[in-house]
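Now for the letters of each chain:
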Amino acid sequence: MQRVRLLPLLTILVGLLLALGYLGVQRTFARSAMPAGNVITVDTGSDDLTDNGNCTLREAIQAANTDSAVDECPAGNGMDEIILPTNGVVLQLSGTNEDSNATGDLDITEALTITGHGADLTLINGADLDRIFDIQYGTASVVITGVHLYNGQVSMGSGGAIMSKWSAHLSIYNSEISENTSQYFSGGYGGGIYQNGGSLTLVNSRVTTNTTNGRGGGIFVTDAEAVWLQNVTINGNTTTGTLGDMGGGGAYFRDSAVELDGGEFNYNEAEYKGGGLHLNGTVMTQTGTITVAYNHSDDAAGGIYMDSQSTLTLNMAQIYSNTATHAGGININGGELLLKDTDIMSNTAIGFGGGVKCNVDSCASLSNVHLVNNHAQMGGAIDNFCVMTIERTSIVS
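What you are looking at is a predicted structure, and each value in this text was computed from that prediction instead of being measured.

**Remarks on the side chain of Glu98**
Mapped onto the secondary structure, Glu98 falls in the loop between strand E3 (89-90) and strand E4 (106-108). At 5.2 Å, Arg58 is the nearest oppositely charged side chain to Glu98, a buried residue that forms no salt bridge. With residues near it in sequence (within four places) discarded, Glu98 still touches Thr103, Asp105 and Asp107.

**What to know about the side chain of Thr222**
For Thr222, the position within the fold is in strand E19 (residues 219-222). Within the local environment of Thr222, its side chain forms a polar contact with the side chain of Asp223, the two groups lying 3.1 Å apart. Excluding residues that lie within four positions of it along the chain, Thr222 makes contacts with Tyr194, Gln195, Asn196, Gly197, Arg254 and Ser256.

**A word on the sheet that holds strand E21 (residues 238-239)**
Here 8 strands make up an open sheet; going across it, the order is E10-E14-E18-E21-E24-E27-E31-E35 and the pairing parallel. A strand with exactly one partner marks an edge of an open sheet, and here the two such strands are strand E10 (153-154) and strand E35 (348-349). Relative to strand E31 (residues 323-326), strand E27 (residues 296-300) is paired through 3 bridges, and the arrangement is parallel. By the bridge assignment for E31, Ala300 is matched with His326.

**Let's talk about the sheet that holds E19**
Across the sheet, 11 strands lie side by side as E4-E7-E11-E15-E19-E22-E25-E28-E32-E36-E39; this open sheet has parallel pairing. Both edges of this open sheet fall to E4 and strand E39 (382-384), since each of them pairs with a single strand only. With direction set aside, neighbouring strand axes in the sheet form an average angle of 5°. Pairing geometry for strand E22 (residues 251-254) and strand E25 (residues 277-280), over 4 bridges, is parallel. Across the sheet, Phe253 pairs through a bridge with Leu279, a residue of E25. The strands touched by helix H2 (residues 57-66) are E4 and strand E7 (133-135); relative to E4, the strand with the most contacts, the crossing angle is about 20°.

**Structural notes on the layout of surface pockets**
To locate leftover empty space, one rolls a probe as large as a water molecule over the atoms. In this structure, the largest pocket spans a volume of roughly 220 Å³. Along its surface, the largest pocket is lined by 14 residues, and Thr96, Asn97, Asp130, Val154 and Met156 are the ones closest to its centre. In terms of residue class, the lining of the largest pocket is built from 3 nonpolar, 4 polar and 7 charged.

**Re the pairing of strand E28 (residues 304-307)**
Alternating positions in E28 separate into two faces, Ile304 and Met306 on one and Tyr305 and Asp307 on the other, with burial throughout. Pairing analysis gives 4 bridges linking E28 to strand E32 (residues 330-333), with the strands arranged parallel. The partner of Tyr305 across the bridge, within E32, is Asn331.

**Regarding the environment of Val356**
With respect to the element layout, Val356 can be found in strand E36 (residues 356-358). A C-alpha to C-alpha distance of 41 Å links Val356 and Ile124, two positions 232 residues apart in sequence. If we ignore the near neighbours within four places in the chain, the residues touching Val356 are Ile330, Ile332, Ile344, Leu371, Ala381, Ile382 and Asp383.

**Looking at the packing of aromatic side chains**
Applying the stated criterion to the full structure yields 7 aromatic pairs. With a centroid separation of 6.4 Å and 75° between ring planes, the pair formed by Tyr189 and Tyr194 is classed as edge-to-face. Take Tyr194: its relative accessible area is 12%, and that puts it in the buried class. An aromatic cluster is present here, built from Tyr189, Tyr194, Phe220 and Tyr252 joined pairwise through their rings.

**Quick look at the nonpolar core**
Soluble, globular proteins show a tendency: their nonpolar side chains are buried together. In terms of nonpolar packing, the biggest core is built from 74 residues, with Phe133, Ile162 and Phe253 touching the most fellow members. The element best represented in this core is H2, accounting for 5 residues. Setting aside anything within four residues of it in sequence, one finds Phe133 in contact with Ile61, Leu106, Ile108, Ile114, Ile124, Ile144, Leu149, Ala161, Ile162 and Met163.

**Regarding the environment of Thr342**
With respect to the helices and strands, Thr342 occurs in the loop between strand E33 (336-340) and strand E34 (343-345). Here the alpha-carbon distance between Thr342 and Ala317, two residues 25 residues apart in the chain, equals 4.9 Å. The contacts of Thr342, once residues within four sequence positions are left out, are Leu314, Asn315, Met316, Ala317, Ile319, Asn368, Val369 and His370.

**Brief notes about the state of the cysteines**
Tallied over the entire structure, the rule returns 2 disulfides. A sulfur-sulfur separation of 2.0 Å characterises the disulfide bridge that pairs Cys358 with Cys386. Looking along the S-S bond of the Cys358-Cys386 disulfide, the torsion reads about 105°, which is the right-handed sense. Here Cys386 lies in the loop between E39 and strand E40 (387-391) and Cys358 lies in strand E36, a separation of 28 residues in the sequence. Taken individually, Cys358 and Cys386 each receive the classification buried, so the pair is uniform in this respect. Each bonded cysteine in the chain gets a number by its place in the sequence, and the pairs come out as 1-2, 3-4. Left unpaired, Cys363 is separated from the closest cysteine sulfur, that of Cys386, by 6.9 Å. Looking at Cys363, the relative accessible area reads 27%, which means it is partly exposed.

What counts and what doesn't
- Residues numbered from 1 in each chain as written.
- Predicted model: local features only at pLDDT ≥ 70, side-chain atom pairs only at ≥ 80, totals over all residues.
- Heavy atoms only, no water.
- Helix = DSSP H or I, 4+ residues; strand = E, 2+ residues; numbered from the N terminus.
- Buried < 20%, exposed > 50% of the residue type's maximum accessible area, 1.4 Å probe, protein only.
- Lys, Arg positive; Asp, Glu negative; His and termini not counted.
- Salt bridge = Lys/Arg side-chain N within 4 Å of Asp/Glu carboxyl O.
- Contact = heavy atoms within 4.5 Å.
- Polar contact = N/O pair within 3.5 Å; in protein donor to acceptor, adjacent residues only side chain to side chain.
- Pairing = 2+ DSSP bridges.
- Axes fitted to C-alpha atoms, helices over the stretch in contact; angles between N-to-C directions.
- 1 Å grid on protein atoms, 1.4 Å probe; cavity = no way out; pocket = protein on both sides within 12 Å on 5 of 7 lines; lining within 4 Å.
- Points joined across faces, edges and corners; volume = space filled by probe spheres on them.
- Nonpolar A, V, L, I, M, F, W, Y, C, P; charged D, E, K, R; others polar.
- Phe/Tyr/Trp six-rings, centres within 6.5 Å; stacked < 30°, edge-to-face > 60°.
- Core = buried A, V, L, I, M, F, W, Y, C linked by side-chain atoms within 4.5 Å.
- Disulfide = S-S within 2.5 Å.

Purely spatial values, then, with no claim about function.
Pasting the structure below:
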């Protein structure tokens, strides 16, 4: 009788083990969908695409793109890894408006990992010739680790350092992106990074002192299925231009899902809306402590600007010492703001809403929020024309 009773239990256990094994196979298969490729080691910091006995970064990318040997670079095969030299790379082949990796920016067409030796050691200098990396349509995944990208410059386009087009999954770890510029006659997008579709992951990285004349001085993201920023510093970036929805000195997120895990958005500037951040049709959530501080807008929202049905959830955030004409800290213009355990301090607006400005057709919920020493001509702490719920919140002038 005991054996009879044990059979169903054994059957269940075996079934569970098989199910777990099956799930494990499925997960492994998902991770292995892109086969591991070859390692291609760059042996020079120069830049050429010539058969002269070396392996430049441009040649390494060409080998990975074409799965064929180029100069002394071995052929790629699958998701290749390019190892950069310690002393970095300087781009030298001038030229724009071509996507074959021949001149100007480095055009990536296949899944690829680019590995440096740390942002303080491995520098890629765009030399103001063009942007640095152009990730082409249809590229599955690009991973960049331990590099510093600087002096990328594009005068008629977007993404001063990196342009990632349609559905690519871009991941950047332990890197820095600084002093890059994008411009366009109707406004550039992303002084440092431009991400269209796909996903963007930034971990333990810095995006600093980049500029654009449109949207997203440091980062511009649109239509991304997922954006994850963990311990990222986005400081000292700038946008100019006052047309339409321009702004987002630090970062601009449009129609995307964004998760923040720690980090800071400080000392960014926008001529128009959102000195630190501009959210347009975006859902943003946050864990870990973040700071949004010392940002400035000549127009609305020194810290964070929200519009077009964006939803922002902040928990344990520090929003302080931001300045603007209106809405020193946060401006909600057609969205939903959820604040909990957050400090909004010492923000200043010349006109309305020193700490928070909430417009018609918006809503906000404040729980255990401290509004301290914020100043404006009207509504020093809060200028409110929306549906707002406040609980356990202190307002101190």
